[in-house]
Amino acid sequence: MAVEHEQARDSFTGYLTTGHEWNGITELNTPVPRAIYFFLTLAFLFSLGYWVLMPAWPLGDTYTKGLLGNDQRKIVAASLKAAALNREVWTKKIANESYGAILAAPALMADVRETGHALFGNNCAACHGVDAKGGPGFPNLTTSSWLWGGKPEDIFTTIRVGINSAHKDSRSSQMPAFGRDQMLKRDEVFKAASYVYSLSNPASKEVDPKDVEAGKAIFAANCVACHGEDAKGNPELGAPNLTDEFWIYGGDLDTIDTTIWGGRQGHMPTWEARLSELDRKILTLYLLDKRTMTQ
């Protein structure tokens, strides 16, 4: 509770009191520390100097330019112009030189990694992940296992036309639904899945050897046209290698069985209209570099 008193001098400090008391504590009327005046004066002088030297005061449709003539718009414009000129130097090399020459040039690849990372993050990471390692239904782009081939020209074309996309030259592929469309019986689908599973898991005891042997015959009769007799796929058809450890939808027995039963049809959009030829080449180089770095 505050109580009003007449000003008096505190016997201990010698300062006058303000006349206010809170629960027995009397407020002293102490002077403002000199440091406060010093910093206030310093701030005032700085402000005054800034107003004189730098653009500060609005004057209708213009403003005071300041003695230094500092113009942030001009500085930013000059910076952007310099960046554009610098980009033009290395992008011309990217556009004109071969993939092999660019991959062997550390300075160019430094620019490719920086720009490619941004391009990939803005356009591809939503499906393939920021690390390009994919996920269920989306391929890992850091491996040597590519559906349509992993040569630079193959990757560039895939980015350009897409897969099962609206592009007139789109890559097209589809895994038939052998079970759903009654091309194979339920037990035949499982036997075929057992055989396919054994190709990438030869030491596994999860599958019955008899099912594997029966599935081999079913595979030969129904699957070799796309995946080949050795089951290592066909890049010309977009048919994956079934003998390695890289799977788009999953390589466990249940998932393989589901794939054979219901089929698969992936989709990748065409990027020809959205990304320039230069950007598509940078993305191709970025993916080639990612693959090299993870091997």
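Let us look at the structure shown here. None of the values given here were measured: they were computed from a predicted structure.

Within the protein one finds 11 helices and 5 strands. What you see for the protein is a C-alpha radius of gyration of 36 Å, clearly larger than the 19 Å of a compact globule of 295 residues, by over 25%. Projected onto its principal axes, the C-alpha positions of the protein cover 110 × 60 × 35 Å. For the protein, contacts bridging at least 24 residues in sequence account for 52% of all contacts bridging at least 6. Accessible surface for the protein amounts to roughly 18900 Å². Of this, 58% is attributable to carbon and sulfur atoms. Averaging the locations of the 29 positively and 34 negatively charged side chains of the protein gives two centres separated by 7 Å.

Let's shift gears to the pairing of strand 2 (residues 17-22). Examined bridge by bridge, strand 2 and strand 3 (residues 25-28) share 3 bridges and lie antiparallel to one another. The residue of strand 3 that forms the bridge with tryptophan 22 is isoleucine 25. Counted along the chain from strand 2 to the antiparallel partner strand 3, the turn is 2 residues long, and its residue asparagine 23 has a positive phi close to 50°.

Now for unusual backbone geometry. With a phi angle near 65°, alanine 132 is a residue other than glycine that sits in the positive phi range. Take alanine 132: it is sitting in the loop between helix 5 (125-128) and helix 6 (152-161). Looking at alanine 132, the relative accessible area reads 0%, which means it is buried. Within the chain, asparagine 164 stands out as a residue other than glycine whose phi angle is a positive 50°.

Moving on: the packing of aromatic side chains. Enumeration over the complete set of coordinates arrives at 5 aromatic pairs. Aromatic pair phenylalanine 38 and phenylalanine 39: ring centres 5.2 Å apart, planes at 75°, arrangement edge-to-face. Ring plane angle 55° and centroid distance 5.4 Å describe the contact between tyrosine 195 and phenylalanine 219, whose orientation is recorded as tilted. Here tyrosine 195, found in helix 7 (residues 186-200), pairs with phenylalanine 219, found in helix 8 (residues 209-222); they are 24 residues apart in sequence, far enough to count as distant. The exposure class assigned to tyrosine 195 is buried, which follows from its relative accessible area of 10%. The positively charged end of lysine 65 is found above the aromatic ring belonging to tyrosine 63, 4.3 Å away from the centroid.

Okay, the side chain of aspartate 244 next. In this fold, aspartate 244 is placed in the loop between helix 9 (224-227) and helix 10 (253-262). Of the buried charged residues, aspartate 244 lacks a salt bridge, with lysine 232 as the closest side chain of opposite charge at 9.4 Å. Within polar-contact distance, the side chain of aspartate 244 engages the side chain of serine 145 at 3.3 Å. At 3.1 Å, the side chain of aspartate 244 and the backbone nitrogen of phenylalanine 246 are in polar contact. Setting aside chain neighbours within four positions, we find aspartate 244 in contact with Ser145 and Ser200.

Moving on to the nonpolar core. Across soluble globular proteins, you tend to see nonpolar side chains buried next to one another. Ile94, Ile102, Val112, Phe120, Ile159, Leu283 and Leu287 are the most contacted members of the largest nonpolar core, which has 29 residues in total. Elements represented by at least two residues in this core include exactly helix 2 (72-96), helix 3 (99-103), helix 4 (106-123), helix 6 and helix 11 (277-294). Counting residues per element, this core draws most heavily on helix 11, at 6 residues. Excluding anything up to four places from it in sequence, isoleucine 94 contacts Ile102, Leu108, Val112, Leu278, Lys281, Ile282 and Leu285.

Tracing the chain through its elements places glycine 137 in the loop between helix 5 and helix 6. A relative accessible area of 22% places glycine 137 in the partly exposed class. Sequence-wise, glycine 137 and arginine 171 are 34 residues apart; in three dimensions their C-alpha atoms are separated by 17 Å.

On the surface, a cluster of nonpolar side chains totalling about 1300 Å² of accessible area is made up of Phe44, Leu45, Phe46, Leu48, Tyr50, Trp51, Val52, Leu53, Trp57, Leu59, Leu67 and Leu68. Ranked by the residues each element gives to the nonpolar patch, the list is headed by helix 1 (residues 34-53), at 8 residues. Structurally, phenylalanine 44 can be placed in helix 1.

With that out of the way, let us pick up the packing of helix 7 against helix 8. Helix 8 packs onto helix 7 with a crossing angle of 100° between their chain directions and a minimal axis gap of 7 Å. One finds that helix 7 runs roughly perpendicular with respect to helix 8. Between helix 7 and helix 8, the contacting residues are Glu188, Phe190, Lys191, Ala192, Ser194, Tyr195, Val196 and Ser198 on the first element and Asp211, Val212, Ala214, Gly215, Lys216, Ile218 and Phe219 on the second. Per-class residue counts for the contact of helix 7 with helix 8 are 8 nonpolar, 3 polar and 4 charged.

Cut-offs used in this document
- Each chain has its residues counted from 1, following the order in which its sequence is written.
- It should be noted that, the model being predicted, local features are given only for residues of pLDDT at least 70 and side-chain atom pairs only at 80 or more, the latter also being counted only at that level, while totals for whole chains, interfaces and linings use all residues.
- Hydrogens and waters are ignored; side-chain quantities use all the structure's heavy atoms.
- What counts as a helix is a DSSP run of H or I of at least four residues, what counts as a strand is a run of E of at least two, and both are numbered from the N terminus.
- Radius of gyration means the value over C-alpha atoms here, while the globule rule gives 2.2 Å times the residue count to the 0.38 power.
- Should any heavy atoms of two residues lie within 4.5 Å, those residues are considered in contact.
- Here, Shrake-Rupley sampling with a 1.4 Å probe gives the accessible areas, and only protein chains in the shown set may cover a residue.
- Here the positive residues are Lys and Arg and the negative ones are Asp and Glu; neither His nor the chain ends is included.
- For charged residues, the charge sits on one atom: NZ in Lys, CZ in Arg, CG in Asp, CD in Glu.
- Should DSSP find at least two bridges between two strands, the strands are regarded as paired.
- Each residue gets one of three labels from its accessible area relative to the maximum for its type: buried under 20%, exposed over 50%, partly exposed in between, using a 1.4 Å probe on protein chains only.
- Aromatic rings from Phe, Tyr and Trp, with only the six-membered ring used for Trp, were paired whenever their centres fell within 6.5 Å, and each pair was classed as stacked if the ring planes differed by under 30 degrees, edge-to-face if by over 60, and tilted otherwise.
- By the criterion adopted, a ring carries a charge over it if an Arg CZ or a Lys NZ lies within 6 Å of its centre and within 35 degrees of its normal.
- Salt bridges are defined by distance alone: a side-chain nitrogen of Lys or Arg within 4 Å of a carboxyl oxygen of Asp or Glu.
- Polar contacts, as used here, are pairs of N or O atoms within 3.5 Å; protein pairs need one atom able to donate a hydrogen and one able to accept it. Residues neighboring in sequence count only if both atoms are side-chain atoms.
- Nonpolar core, defined: a set of buried Ala, Val, Leu, Ile, Met, Phe, Trp, Tyr and Cys residues in which side-chain atoms within 4.5 Å join the residues together.
- Residues enter patches when they are more than 30% accessible in relative terms and free of salt bridges; like-charged ones are connected within 9 Å and nonpolar ones (Val, Leu, Ile, Met, Phe, Trp, Tyr) within 5 Å.
- A fitted line through C-alpha atoms represents every axis, and for helices the fit uses only the stretch in contact; the resulting angles, taken between N-to-C directions, go from 0 to 180 degrees.
- Angle categories: roughly parallel below 35 degrees, roughly antiparallel above 145, roughly perpendicular from 65 to 115, and oblique for all the rest.
- For this scheme, ten residues count as nonpolar: Ala, Val, Leu, Ile, Met, Phe, Trp, Tyr, Cys and Pro. Four count as charged, namely Asp, Glu, Lys and Arg, and the remainder, Gly too, count as polar.

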